[in-house]
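The lines below spell out each chain.
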Amino acid sequence: MKTMEGKTYDGVVKEKEEAQQQYSQAVSRGESAGMVSSVGRTLEEFKTSVTVAAFSKVTFELTYEELLQRRLGKYQLLINAQPMQPVADFKIDVYIHESPSILLLEVKGGLNTNELANAVTTTRSGTETWVNFYPTREQQTRCDVCGGNGLNGDLIIMYDVDRPNPSGELQASDGYFVHYFAPTDIPRIPKNVVLVIDRSGSMSGRKIEQTREALLKILGDLAAEDYFGLIIFDSQVDIWKPKLRQATERNLELAKDFVKKIEERGSTDINAAVLKGVEMIKKHPQEQSASILILLTDGAPNTGESDPTKIQANVKEAIGGKFPLYCLGFGFDVNFDFLNKMALENHGRARRIYEDSDADLQLQGFYEEVAVPLLTGVQLNYTGSSNVTQTRFSHYYNGSEIVVAGQITDNSLETFQAEVIAVSKNSRVTYQDSVFMKDIAGVLPQHEHFTQRLWAYLTVKQLLEKEMTLNGEEKEAARKEILDLSLKYEFVTPLTSMVVTKPEGEETQVAHKPKEGEKAKQTKPGKTSRGRARSRLRSISSSTLLTRKAFRFPAPTTPPPVIGVRFLISSLDQPKPVCYDLPAASKLRLLTDPSSDFSMNGELSTKGFNQIALHYKTDYSLMLNTSHILYHDGLNDVMFLWGQEPSKHETDSVSLILRNEDVDVTMGTVRVVLFRHKKDGEMFLWPAVQQQPNHVNIQGIFGKKHLEYEELSGSAIKIKDQDVKATWSTATDYRRSSAPVLGCWLIPYESVLQGELSDFTVSQL
C-alpha cells in the first residue's frame, strides 16, 4: 500500500503487461510510481522499484507471504538490509509463533557481527519467539559487511520445531488443509551418487578451484555404506572408475587424488556426460539404496548434441523416472532454464551457484541437503479431498520437509485421515493419522484464510514448474490457471505485477519480474528485497510475523499471585524464560554504564513504572512519566506529550523518536524503547533495552541481557552451581507493545540479580 498526503491507497495485482503500462504512464507524467516483481521464475525473490515525484513524500508498506522451506533441519528467514546510509530509526522486529514448541533458534548473517551483535535481542517462550535488531546510527557502520554507507548485509534467523508425531502435523480451516511431513527417527538409506563435473575452459580460475574444494569436502562426507562415481567432461567425457565404488577409506583417497588433478579445458558436451552418469547408476544394484545424479556446469551445451530440447528428451528417456537428477548452474552464463527443465522432468531440482567467495560452500550446502536419504517412493493420500498439491515424491531427505495442501470436499467427515506410504532402508513403511475435524489445529484469527492461500501458493508454484516442461495447448492451459489463481489471490508471479495508483492519474506504484540473465540479477539472493512467511504460520511485513501446535510445557495450574511487579529475563540456551517479582514503590537502578556516563533509573508503581529518568554525560537527560516527557539537551528543556504527532529529534550522540505510545531513545551506545501501557485503567511505563555495550561494567536490573541456567528434574533450575526452587507461572512481557503473556519459571529475585534489592535501589531518579 502507499500513503500520501494522509491517504492510503492499496496495491492491485494485474497482468504483468497491464501493470507495466500503468506504471510507465505514471512515470512519464512525472508522478510517483513503484514496482514489485518476482525474479526469474520463482515466487520467493522479488524486486522493488520506486519513483517519487518532485516535492512529494510517499510511504510504501509491503506485506508479503511465503512458505519457508526446511533445509538441513532448520527453517531460515533471511532479511536483507541495504539502506545505503545510516538510519536513525532502523529496526527489525521478528515474531515467530508455532503450534509445536520451538526447539532451536540461531541468529546469523553479516548483520550479527562485531558491534552489531549487541543490537540483537532474542526472547523464547515455548511456541513463541521474538528477535529484535535495533542498531544505533553509529553501529550501522561497524560490521563485517558495513561501511560508510551504513548497513549492507543479511540478518539470518534459523529455527526448528518439535515433532512429536512421526506422521506429521495437520492443520485445516475454511475447507482447506495443509499437512507437514518431516519424520526424523528413521535409519539413513545408503546412496549411490554420481557427480558429473564440467571442466570446460569457462571453468578456469576460481571456479575450478572452488569446485575442487567442494568435491573434496563432499567425498569426505560420504558414509562407508555409500557408493559413488566421478565423471568430468568437456568435449570429452572421462570417468574416474567405470563402476561405482564403495566409499572405503582407500577409495576415497584415490578419488581425492583424482579430483586434485582436475584442470579446465575444451568445450561442453553435457549430453554425453549425463548419459554416462545414468549408465553408471543403472549398472549398479539399486535394492535397498537411493540413487542420485548431480550435474555441475557453468555454460551451455556447445559440442556433441547441443540442442537443449533433444538433450532433455535423451536424459528423460534414459533415467525413466528411476532416480532424481539435480542440476547446479555455476554463474550467470549458464543456460539455467535448460537445467531447470531437465531437473524437473527427472524429479529433481536446479540450483544456481553464485560466483562469489563462498561458491564452494554453496556447492557443499546443496549436497548436504541430499546427502542423507531416509525414504524413497513417498506417496501421501487423503480421504475426502480434491485439488491436492503434489503427493508423490521420489526421495525424502533428512532435514527437509514435505508440505501438501488441498481442499476438503467431504463435509460429512468426522475425522480427516492422512496416510503416507514409502520405502525405508529395510522395508516398506506406512504412516497413518486420523484426526477429529474439530480437533485439527487451526490458525490465528487474523490469518483465518491462510490455509487456503497456502494451497493456492503451492498450486501456483508447482504449476510454474510443470509449465516449463509442457508445450502447445497444455502449456497455455497451465499459464491460464497460473494467471487466474495469481489474480484471485493477488500473488506477484512471472505473469503478474502489483501496481498502486491514485485515482484520476495520481501517483502509481508497481512490481515487476526481471528476466533470467539480466545484468541486474547478478547478485546473490540476499541482495534483493524478499519475504518469508509460512504457516504453521509465517506472515511477514516490515516487522515480521511467523506461525505452527500445542507445546507440552508444565501446566500452569494455579499460578502464584504476582507480589509487586513481575519482571522477565530470557535465556539464550533454554526455551523458557525466567521471571521474578520486585516490590512496588521501589526506586531502582535500571541500567548504568560508567564507561559512557549513562544511567537509567525508575520508580515502580503497582503495575509498572510511573517515572523513568535517563541521564547521559553531564548535558542530557530525559524524564518520563505517564502524562508527558521532558527532554533537556544541555541548553533547553523541551516537553512532549504522549500521543502527539510522531517526531524525531537528533544531536551528535542522542536520538529521540517519539511515536504514539513509545519513545525510542539512543544515548551513546545504549538504545532503549520506552512503552506506555494501560492495564485495569492504570497507565504505567516499561523500558525495553534493545542495545547496550557488552562488557562487565554494566549494572542495574536490566544490566544482564540473558540468564544462563540449567533445568533440573522436578521444579528446580540451577544458576551458577546453585539449585533454585522454581514454580511454573506466567508473566506479561511489557517489553513489547502487544504485551504478550508468556510462560516462565518463577524464582526469587535474589537468584536472578545475584544480590539484594538494596544493591539496586537509588535515593533519587
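Across its full length, the protein carries 10 helices and 51 strands. For the protein, the proportion of its 765 residues judged to be buried stands at 55%. Entry remark: accessible area of the protein is about 32900 Å², with carbon and sulfur atoms responsible for 48%.

To continue, consider the packing of helix α5 (residues 308-319) against helix α6 (residues 336-344). Viewed as axis vectors pointing N to C, α5 and α6 meet at an angle of 20°, and their least axial separation amounts to 10 Å. Considering the angle they form, α5 stands roughly parallel to α6. For the pair α5 and α6, the crossing hand works out as right-handed. Only Phe338, Lys341 and Met342 of α6 make contact with α5, whose side of the interface consists of Pro308, Ile311, Gln312 and Val315. For the contact of α5 with α6, the per-class residue count stands at five nonpolar, one polar and one charged.

Ranked by size, the top nonpolar core spans 54 residues in total, and within it Phe567, Leu582, Met600, Leu614 and Ile701 carry the most contacts. Counting residues in hydrophobic clusters, the runner-up holds 33 residues, among them Leu230, Ala247, Ile353 and Tyr397.

To continue, consider the packing of aromatic side chains. All chains considered together, the criterion is met by 24 aromatic pairs. Judged by centre distance (6.0 Å) and plane angle (20°), the ring pair of Tyr489 and Phe491 falls under stacked. Across this residue pair, the class does not change: Tyr489 and Phe491 are buried. With 6.0 Å between their ring centres and 45° between their planes, Phe567 and Phe702 make a pair best called tilted. Here Phe567 is found in strand β34 (residues 565-569), whereas its partner Phe702 is found in the loop between β46 (682-691) and β47 (710-712), with 135 residues between them in sequence. Assessed through its relative accessible area of 12%, Phe702 is described here as buried.

Evaluated as defined, the whole model comprises 40 salt bridges. Here Glu279 makes a salt bridge to Lys283, at a shortest N to O gap of 3.0 Å. With Glu279 and Lys283 both in helix α4 (residues 270-283) and four residues apart, this pair spans about one turn of that helix. Between Lys475 and Glu467 there is a salt bridge, with the nearest N and O atoms lying 3.3 Å from each other. Judged by relative accessible area, which is 3%, Glu467 ranks as buried. It is possible to trace a salt-bridge network through shared partners that takes in Asp89, Arg659, Asp662, Asp664 and Arg671.

This part covers unusual backbone geometry. The phi dihedral of His347 falls on the positive side, at around 60°, and the residue is not glycine. Residue position: His347 is located in the loop between α6 and β23 (350-353). A positive phi angle, close to 50°, is found at Asp680, a residue other than glycine. Of note, Asp680 is situated in the loop between β45 (670-679) and β46. Asp680 sits in the exposed class, given a relative accessible area of 68%.

Bringing the sheet that holds strand β8 (residues 70-71) into the picture now. One open sheet holds the four strands; their spatial order is β8-β9-β14-β11, and the pairing between them is antiparallel. Two strands bound the open sheet, and with one partner strand each, they are β8 and β11 (102-108). Relative to strand β14 (residues 153-161), strand β9 (residues 74-81) is paired through seven bridges, and the arrangement is antiparallel. Along β14, the bridge assignment pairs Leu78 with Ile156.

This next bit is on helix α9 (residues 472-489). Under the 1.5 Å per step criterion, the end-to-end length of α9 is 26 Å for 18 residues, consistent within 8% with the ideal 26 Å. Looking at the buried residues of α9, the elements they touch are β3 (12-15), β16 (176-181), α8 (450-468) and β30 (496-501). One or two steps after α9, the chain reaches Glu490, where phi turns positive at roughly 55°.

Going through the model one piece at a time under the given rule, you end up with one disulfide. Note that Cys579 is cross-linked by a disulfide to Cys744, the S-S spacing being 2.2 Å. A torsion of 75° about the S-S bond marks the disulfide between Cys579 and Cys744 as right-handed. A residue pair is termed long-range when its members are at least 10 positions apart, and Cys579 in strand β35 (residues 578-582) and Cys744 in strand β51 (residues 741-746) qualify at 165 residues. In terms of burial, Cys579 and Cys744 fall into one category: buried.

Our next topic: the environment of Val435. Along the chain, Val435 falls in strand β29 (residues 428-436). Since its relative accessible area comes to 17%, Val435 is described here as buried.

This part is about helix α1 (residues 16-28). Taking 1.5 Å of rise per residue, 13 residues should cover 18 Å, and α1 covers 18 Å from first to last C-alpha, within 8% of that figure. Considered for burial, the residues of α1 that qualify are Lys16, Ala19, Gln22, Tyr23 and Ala26. Take α1 and look down its axis: the buried residues cluster within an arc of 135°, on one side only. Facing away from the buried surface of α1 by more than 90 degrees, the exposed residues are Glu17 and Ser28.

Another aspect to go through is the sheet that holds strand β27 (residues 402-408). Within the open sheet, the four strands sit side by side as β15-β16-β27-β25. Their pairing is antiparallel. At either end of the open sheet lies a strand with only one pairing partner, and these are β15 (169-173) and β25 (385-386). Pairing of β16 with β27 involves six bridges; the strand directions are antiparallel. Residue Phe177 lies in a different strand from β27, and its bridge partner there is Gly406.

Right, let's get into the pairing of strand β17 (residues 191-198). Burial runs high along β17: eight of the eight residues are buried. Burial along β17 is two-sided: the face carrying Lys191, Val193, Leu195 and Ile197 and the face carrying Asn192, Val194, Val196 and Asp198 are both buried. Bridge analysis of β17 against strand β18 (residues 227-233) gives seven bridges, and the strand direction is parallel. Pairing of Val196 across the sheet is with Ile231, part of β18. Taken together, β17, helix α2 (residues 206-221) and β18 constitute a β-α-β crossover, and its handedness is right-handed.

Cut-offs applied
- Residues numbered from 1 in each chain as written.
- Predicted model: local features only at pLDDT ≥ 70, side-chain atom pairs only at ≥ 80, totals over all residues.
- Heavy atoms only, no water.
- Helix = DSSP H or I, 4+ residues; strand = E, 2+ residues; numbered from the N terminus.
- Buried < 20%, exposed > 50% of the residue type's maximum accessible area, 1.4 Å probe, protein only.
- Areas by Shrake-Rupley, 256 points an atom, 1.4 Å probe, with all protein chains shown as cover.
- Axes fitted to C-alpha atoms, helices over the stretch in contact; angles between N-to-C directions.
- Parallel < 35°, antiparallel > 145°, perpendicular 65-115°, else oblique.
- Left-handed = near helix turned anticlockwise from the far one by under 90°.
- Contact = heavy atoms within 4.5 Å.
- Nonpolar A, V, L, I, M, F, W, Y, C, P; charged D, E, K, R; others polar.
- Core = buried A, V, L, I, M, F, W, Y, C linked by side-chain atoms within 4.5 Å.
- Phe/Tyr/Trp six-rings, centres within 6.5 Å; stacked < 30°, edge-to-face > 60°.
- Salt bridge = Lys/Arg side-chain N within 4 Å of Asp/Glu carboxyl O.
- Pairing = 2+ DSSP bridges.
- Expected span 1.5 Å × (residues − 1).
- Disulfide = S-S within 2.5 Å.
- Arc of directions from axis to C-beta.
- Right-handed = clockwise from strand over helix to strand, strands pointing away.

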